[in-house]
Amino acid sequence: MESKLLTGFLTSFDVSLGRFMERLEGKTCPELFLAASLASRLLADGHICVNLKDYAGYSFELPNTQECITAPSFEKWQDNLIRTKVVGEPPSYRPLILDGPFLYLYRYWRYENTLADLIRKRASVQNERIDCDLFLKSIKRLFPETVRRDPDWRKVATFASTFKKLCLISGGPGTGKTYLAARIVAVLMEQAKVNPLHIALSAPTGKAAARLQESFRACRDELNLDLPREAFTIHRLLKLLPHSDRTPFSLDNPLPYEVIIVDEASMVDLPLFTKLVEAMKPEAHLILLGDKDQLASVEPGAVFGELCDVAGAGFYSDNFAGHCFRATGQKVPIAEKTHLLSDNIVVLRENFRFPRESALNRISNAVREGDVDSFFTLCENYPGEIIWKPIPSPAALFDLLAEEIHAGYATYLKAADAKEAFEKFQDFRILCAVREGPYGTENLNRLTEHLFRKERLLTFNTPWYERMPIMITKNDYALSLFNGDCGFILRDGNKRGHLAAFFPAEEGKFRSFPPERLPPFEKVYAMTVHKSQGSEFDAVLLILPDRPTPVLTRELLYTAITRARKKITIAASKEIMKYAISRKTERTSGLARYLGG
């Protein structure tokens with residue numbers, strides 16, 4: 001068996017965990033040491049477990065040493081591991097769990113196994129007490145009739161959310177997910193009749209929760225209904241303390257809600273997902289909204305995307321199709337062979353922001369499908385909406401991008417007040433794949449400041465200055481400022497012209513704070529693609545690094561492109577674009593396996 005050498009793969013932390021497992025075992029055990037080190041390394045990259053078959057026969061250079069260690073064949077590796085007292089097979093209570101070729105840290109095996117069990121139970125429950133006549137009246141009022149050949153998937157999603165106790169609704173930007181969520185709530189409230197429903201709106205980040213809350217506020221006025229008025233982060237909903245995984249809620253003491261809606265569900269990691277589902281009443285509705293093709297959570301797991309993909313969304317059981325037609329008049333495709341989750345997933349197909357043949361819609365589809373040739377063809381055919389520039393050297397970066405950055409932020413820099421600054425700042429944004437290095441957000445923020453200082457558009461000699469755009473990086477519940485919230489440093493006319501930080505509030509108003517009272521924040525002329533999720537800008541300048549890096553995937557490109565409403569400029573080499581489009585994020589997990597996928 002030929003060995004392949006991986007250098008720089010394992011970190012000192014991974015090795016420390018491997019050595020700790022050896023100490024628990026009470027003796028030197030190279031197979032155990034390497035397996036535990038790999039489980040740690042893969043977890044840091046977002047995987048839930050390590051498939052030992054993928055690494056059998058590989059050699060690994062240990063950090064800060066000249067030492068290498070080689071993995072045995074899979075059969076020998078598996079046999080040696082299962083003989084140790086540290087490794088157990090499901091449902092053992094051991095530090096490491098080996099399930100076939102998949103090795104887990106126990107905590108993550110429990111999260112995944114528990115979630116799969118809860119999803120299996122929740123997916124099979126359906127609401128047999130739908131008042132179909134009332135339902136049909138509701139959707140006719142809430143969704144305007146249009147001429148179409150396909151089903152109206154918004155109506156199908158509304159029915160699925162009412163008929164099933166678990167519903168996953170996936171759609172790209174512009175498909176009207178939050179518009180739909182408000183109407184789903186309206187239907188559920190009408191179906192409940194005289195029985196009041198306790199409904200929770202939630203999202204994984206403070207920024208996403210604030211956006212969901214604002215969307216429901218607008219829909220409340222439009223629909224003239226008493227819709228929920230507040231949205232929570234999932235951490236706040238579960239009353240999780242910072243740096244703690246404990247919540248007072250459980251199956252024995254569940255959350256007091258009959259309906260829980262989670263927006264931006266693709267950003268929810270496995271541990272948080274499991275805690276939420278564990279804390280719900282068995283009979284409560286869980287409605288998850290997201291985009292299965294966007295970037296997954298920063299922390300381990302890609303639960304929303306994996307659940308959407310496992311069933312082959314878009315085909316339904318005879319039972320679901322019959323009930324759906326009676327309640328909505330919509331005919332849905334029937335699956336030849338159904339999966340446990342077939343009736344729980346709806347993919348929204350119609351984009352209300354972009355016409356089907358628009359450049360941005362077509363290029364985002366090309367990236368999502370991994371079609372490199374179509375990507376470059378579209379760049380040539382739509383030079384006004386899609387601009388691709390080869391990435392220059394770090395030394396030439398400023399000169400190439402200065403004009404575009406100046407034009408993008410020109411109107412923002414001339415804004416007269418907080419309201420205008422907020423509106424104009426949505427016109428343009430620099431997005432980067434990484435934080436560090438010459439093509440990362442830290443350097444792009446410095447270059448942008450240097451440009452504006454050079455042109456005397458900004459003057460400053462303090463840590464904060466007038467017209468400085470900022471983004472909060474740590475939640476502060478006392479001030480109701482959350483990670484991802486964006487604001488501006490401006491002069492406050494009500495406080496003798498002193499500098500203050502302004503953040504959007506409800507109904508077009510703004511809140512202001514002394515800058516020194518803010519939680520940690522950073523400049524945000526440039527932001528990472530990860531941080532941009534859920535935001536939209538008229539024009540986007542996307543800057544990618546000049547060499548391959550693990551974060552470069554088609555999901556990252558898709559997410560970046562779909563932030564743009566009118567135009568995107570991409571600065572990257574052709575090789576890097578091919579590399580990113582060809583790489584689909586794959587996170588090793590057993591969730592689909594446990595659910596029969």
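Conventions and cut-offs
- Residues numbered from 1 in each chain as written.
- Predicted model: local features only at pLDDT ≥ 70, side-chain atom pairs only at ≥ 80, totals over all residues.
- Heavy atoms only, no water.
- Pairing = 2+ DSSP bridges.
- Helix = DSSP H or I, 4+ residues; strand = E, 2+ residues; numbered from the N terminus.
- Axes fitted to C-alpha atoms, helices over the stretch in contact; angles between N-to-C directions.
- Parallel < 35°, antiparallel > 145°, perpendicular 65-115°, else oblique.
- Left-handed = near helix turned anticlockwise from the far one by under 90°.
- Contact = heavy atoms within 4.5 Å.
- Nonpolar A, V, L, I, M, F, W, Y, C, P; charged D, E, K, R; others polar.
- Core = buried A, V, L, I, M, F, W, Y, C linked by side-chain atoms within 4.5 Å.
- Buried < 20%, exposed > 50% of the residue type's maximum accessible area, 1.4 Å probe, protein only.
- Domains from an automatic or database assignment.
- Phe/Tyr/Trp six-rings, centres within 6.5 Å; stacked < 30°, edge-to-face > 60°.
- Lys NZ or Arg CZ within 6 Å of the ring centre and 35° of its normal.
- Salt bridge = Lys/Arg side-chain N within 4 Å of Asp/Glu carboxyl O.
- Right-handed = clockwise from strand over helix to strand, strands pointing away.

Undergrad: Run through the sheet that holds strand β20 (residues 521-523), naming residues and quoting values.
TA: The strands that make up a sheet are held in pairs by hydrogen bonds between backbone atoms, and each pair lies either parallel or antiparallel. Strand order in this open sheet of five strands is β19-β18-β17-β16-β20, and the pairing throughout is antiparallel. A strand with exactly one partner marks an edge of an open sheet, and here the two such strands are β19 (510-513) and β20. Within the sheet, the average angular offset between the axes of one strand and its neighbour, ignoring direction, is 40°. As paired strands, strand β17 (residues 486-492) and strand β18 (residues 498-504) are joined by five bridges and run antiparallel to one another.

Undergrad: Quick rundown of the packing of helix α6 (residues 153-163) against helix α12 (residues 318-328)? Include the residues and the values.
TA: The geometry of α6 relative to α12 is characterised by a closest axis approach of 10 Å and an angle of 115° between their N-to-C directions. By the criterion of interaxial angle, the relationship of α6 to α12 is roughly perpendicular. Between α6 and α12 lies a crossing of right-handed hand. From α6, Lys155, Val156, Phe159, Ala160 and Phe163 reach across to α12, where they touch Asn319, Phe320, His323, Cys324, Ala327 and Thr328. A breakdown of the residues in the contact of α6 with α12 according to their chemical character gives seven nonpolar, three polar and one charged.

Undergrad: Could you give an account of the nonpolar core, naming the residues involved and the relevant values?
TA: Membership of the largest hydrophobic core comes to 82 residues, with the highest contact counts inside it found for Ile430, Ile543 and Leu544. If you tally residues by element for this core, the top one is helix α15 (residues 397-413), at eight residues. Discounting residues that sit within four places of it in the chain, Leu544 has contacts with Ile391, Ala433, Tyr439, Leu552, Leu556, Leu557, Ala571, Ala572, Ile576 and Met577. Of all hydrophobic cores here, the second largest spans 81 residues; its members include Val15, Tyr55, Val86 and Leu255.

Undergrad: Let's hear about the domain arrangement of the protein chain: which residues, and what values?
TA: Assigned domains of the protein chain: these are domain 1 (5-106), domain 2 (125-353) and domain 3 (359-582). Spacing between the C-alpha centres of domain 1 and domain 3 amounts to 40 Å.

Undergrad: So what's going on with the sheet that holds strand β14 (residues 386-389)? Which residues, and what values?
TA: With parallel pairing, five strands are arranged side by side in an open sheet as β14-β23-β22-β15-β21. Two strands lie at the open edges of the sheet, namely β14 and β21 (526-528), each paired on one side alone. The average angle at which neighbouring strand axes cross in this sheet is 25°, direction not considered.

Undergrad: Report on the side chain of Glu264, specifying residues and quantitative values.
TA: Within the fold, Glu264 resides in the loop between β11 (259-262) and α10 (270-278). Among all residues touching Glu264, those that are not within four sequence positions of it are Pro204, Ala208, Arg211, Leu289, Gln294 and Gly534.

Undergrad: Pulling in residues and values, what's your account of the packing of aromatic side chains?
TA: A full pass over the atoms with the stated rule returns 26 aromatic pairs. With a centroid separation of 4.9 Å and 80° between ring planes, the pair formed by Tyr409 and Phe428 is classed as edge-to-face. Of the two residues, Tyr409 is situated in helix α15 and Phe428 in strand β15 (residues 428-432); the sequence distance between them amounts to 19 residues. Here the aromatic cluster, defined as three or more aromatic residues joined through ring pairs, consists of Tyr409, Tyr412, Phe425, Phe428, Phe452, Phe488 and Tyr525. Across from the ring centre of Tyr179, 3.6 Å away, lies the NZ or CZ of Arg183, which sits over that ring. The ring centre of Trp153 lies 4.3 Å from the NZ or CZ of Arg349, which sits over that ring.

Undergrad: Break down the pattern of salt bridges for me, citing the residues and quoting the values.
TA: Tallied over the entire structure, the rule returns 32 salt bridges. For the salt bridge of Glu258 with Lys281, the shortest nitrogen-to-oxygen distance reads 2.9 Å. Separated by 23 residues along the polypeptide, Glu258 in the loop between α9 (234-238) and β11 and Lys281 in the loop between α10 and β12 (285-290) bring together distant segments of the chain. For Glu258, a relative accessible area of 22% translates into the label partly exposed. Put simply, Glu423 and Lys419 hold a salt bridge, and the shortest N to O gap is 2.7 Å. Taken together, the positions of Glu423 and Lys419, both in helix α16 (residues 418-425) and four residues apart, correspond to about one turn of that helix. Among the residues examined, Glu423 registers a relative accessible area of 41% and is labelled partly exposed.

Undergrad: Provide a residue-level description of the pairing of strand β22 (residues 537-543), including the pertinent values.
TA: Burial within β22 is extensive, with seven of its seven residues counted as buried. Note that β15 and β22 share five bridges and pair parallel. In the sheet register, Leu431 faces β22, and the bridge partner there is Leu542. Judged from the six bridges that link them, β22 and strand β23 (residues 564-571) form a sheet pairing that is parallel. Paired with Ile543 across the bridge in β23 is Ala571. The β-α-β motif built from β22, the intervening helix α19 (residues 554-561) and the parallel element β23 has right-handed crossover chirality.

Undergrad: Lay out helix α11 (residues 303-310) in plain terms, naming residues and giving numbers.
TA: With respect to burial, α11 is a largely interior element, seven of its eight residues being buried. Buried residues of α11: Val303, Phe304, Gly305, Glu306, Leu307, Cys308 and Val310, and no others. Directly after α11, the chain includes Gly312, whose backbone phi takes a positive value near 65°.

Undergrad: Would you mind going over unusual backbone geometry in detail, with residue names and values included?
TA: Residue Pro91 is reached from Pro90 by a cis peptide bond, and omega for that bond is 0°. Counting through the fold element by element, Pro91 comes out in the loop between β5 (87-88) and β6 (96-99). Despite not being glycine, Asn224 shows a phi value in the positive range, around 55°. The exposed category is assigned to Asn224, whose relative accessible area is 70%. Positive phi values are uncommon outside glycine, yet Lys239 reaches one of about 55°. Within the element layout of this structure, Lys239 appears in the loop between α9 and β11.

Undergrad: Tell me about the environment of Ala182, and name the residues and values.
TA: Tracing the chain through its elements places Ala182 in helix α7 (residues 177-192). With 90 residues separating them in the primary sequence, Ala182 and Leu272 have C-alpha atoms 24 Å apart. Excluding anything up to four places from it in sequence, Ala182 contacts Phe216, Cys219, Leu223 and Leu227.

Undergrad: Break down the packing of helix α14 (residues 372-381) against helix α20 (residues 574-582) for me, citing the residues and quoting the values.
TA: The geometry of α14 relative to α20 is characterised by a closest axis approach of 10 Å and an angle of 135° between their N-to-C directions. In terms of their interaxial angle, α14 and α20 are classed as oblique. Between α14 and α20 lies a crossing whose hand is right-handed. Residues Val372, Phe375 and Phe376 of α14 lie in contact with α20, whose contacting residues are Lys574, Met577, Lys578 and Ile581. Classifying every residue of the contact of α14 with α20 gives five nonpolar, no polar and two charged.

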